[in-house]
Amino acid sequence: MIKSTVYLVGAGPGDNKLITMKGYELIKKADCIIYDYLVNADLLKFRKDDCVLIYAGKRSGAHTLTQDNINRLLAREAKIHHTVVRLKGGDPFIFGRGAEEASYLRKKRIAFEIVPGVTSAIAVPAYAGIPLTERARTSAVGFITGHEDPTKTISGIDWRALVKGLGTMVFLMGVENLASIAEKLIACGKPKKTPIALIRWGTTPKQKTVTGTLENIARLSRKNKMTAPAIIVVGETVRFRKDLIWF
């Protein structure tokens with residue numbers, strides 16, 4: 001039996017140059033690469049000629065494979081190939097379901113390693129000229145899912161705690177729920193005039209940013225036809241964008 005290892009590799013936020021050196025090296029030596037929708041296809045050009053490519057992308061309303069099927073696919077390919085790279089957008093453990101895949105591999109007694117990636121939660125705001133912390137404005141930042149598990153009966157997000165405890169909030173996968181997110185923050189005490197930014201296809205040539213306030217961002221998003229993939233940044237540091245735009 002082949003003694004194989006599955007590497008859960010963070011591909012970064014979109015700009016292919018933001019891949020880590022370890023991730024780049026694993027792509028070059030992989031016997032099989034199972035990759036996601038948000039992975040920059042240019043990264044796949046570094047693979048070996050005989051490397052097997054398998055697309056397992058998931059996007060809103062269009063899943064190539066279910067998560068259970070992806071888990072089984074990883075185990076199946078590990079029986080065939082020595083080095084399997086599971087290439088995931090951003091970072092495997094930041095809303096990337098990497099924990100589920102690693103847990104499944106452990107249950108199947110398949111060796112795995114986690115290779116962190118540059119998450120869009122920090123890279124995309126930086127490319128939009130928005131610092132997540134700033135000594136005079138905020139010293140606390142949090143990452144929040146904008147799309148919870150639909151099978152949950154009760155939300156795991158304490159909205160009042162977010163408003164009370166965080167200076168900057170970064171919501172991932174939340175563009176479809178933008179209006180609801182803004183309404184909940186306002187209802188829990190966040191001022192209506194709080195700055196907010198919506199950034200689509202961050203770090204890529206297609207990057208587009210729309211800024212506004214909690215009370216008008218949903219309208220501005222519709223006006224500018226903002227759709228996934230996009231992240232949401234809420235907080236006073238959004239105001240820095242005016243002076244810090246560079247990309």
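Bear in mind the structure is a predicted one, so any value in this text is a computation, not a measurement.

Within the structure shown, the criterion is met by 11 salt bridges. With a shortest N-O distance of 3.6 Å, Lys 22 and Glu 113 are connected by a salt bridge. Residue Lys 22 is located in helix 1 (residues 21–29), and its partner Glu 113 is located in strand 7 (residues 111–115); the two are separated by 91 residues in the primary sequence. Taking the relative accessible area as the measure of exposure, Lys 22 reaches 43% and is therefore partly exposed. By relative accessible area, which is 33% here, Glu 113 ends up partly exposed. Here Lys 88 ties to Glu 101 by a salt bridge, and the two come within 3.2 Å at their closest N and O atoms. Note that Lys 88 is positioned in strand 6 (residues 83–88) and Glu 101 in helix 3 (residues 98–107), a separation of 13 residues in sequence. The class of Lys 88 is buried, set by a relative accessible area of 2%.

Where helix 2 (residues 67–78) meets helix 3, the closest approach of the two axes is 10 Å, and the angle between their N-to-C directions is 45 degrees. Classed by the angle they form, the pair helix 2 and helix 3 counts as oblique. In this structure, helix 2 crosses over helix 3, and the sense of that crossing is right-handed. Residues Gln 67, Ile 70, Asn 71, Arg 72, Leu 74 and Ala 75 of helix 2 form the contact with helix 3, whose participating residues are Glu 100, Glu 101, Tyr 104 and Leu 105. Grouping the amino acids of the contact of helix 2 with helix 3 by side-chain chemistry returns 5 nonpolar, 2 polar and 3 charged.

Definitions and limits used
- Positions within a chain are numbered from 1, following the residues in the order the chain's sequence is written.
- A pLDDT threshold of at least 70 governs which residues receive local features in this predicted model, and a stricter bar of 80 or more applies before side-chain atom pairs are shown or counted, although totals over entire chains, interfaces and linings include all residues.
- By convention in this description, side-chain values take in all heavy atoms of the structure and omit both hydrogens and water.
- A pairing counts as a salt bridge when a side-chain nitrogen of Lys or Arg comes within 4 Å of a carboxyl oxygen of Asp or Glu.
- Numbering of helices and strands starts at the N terminus; helices are DSSP runs of H or I of at least 4 residues and strands are runs of E of at least 2.
- Throughout this description, buried means an accessible area under 20% of the type-specific maximum (1.4 Å probe, protein chains only), exposed means over 50%, and partly exposed covers the range between.
- Under this scheme, a helix contributes an axis fitted over its contacting stretch, all axes are lines through C-alpha atoms, and angles between N-to-C directions fall in the 0 to 180 degree range.
- For classification purposes, angles smaller than 35 degrees are called roughly parallel, those larger than 145 roughly antiparallel, those between 65 and 115 roughly perpendicular, and all remaining angles oblique.
- Each helix crossing is assigned a hand: it is left-handed if the near helix lies turned anticlockwise from the far helix by less than a right angle, otherwise right-handed if that turn is clockwise.
- Residue contacts are counted whenever heavy atoms from the two residues lie within 4.5 Å of one another.
- Polar here means any residue outside two lists: the nonpolar Ala, Val, Leu, Ile, Met, Phe, Trp, Tyr, Cys and Pro, and the charged Asp, Glu, Lys and Arg; Gly therefore counts as polar.

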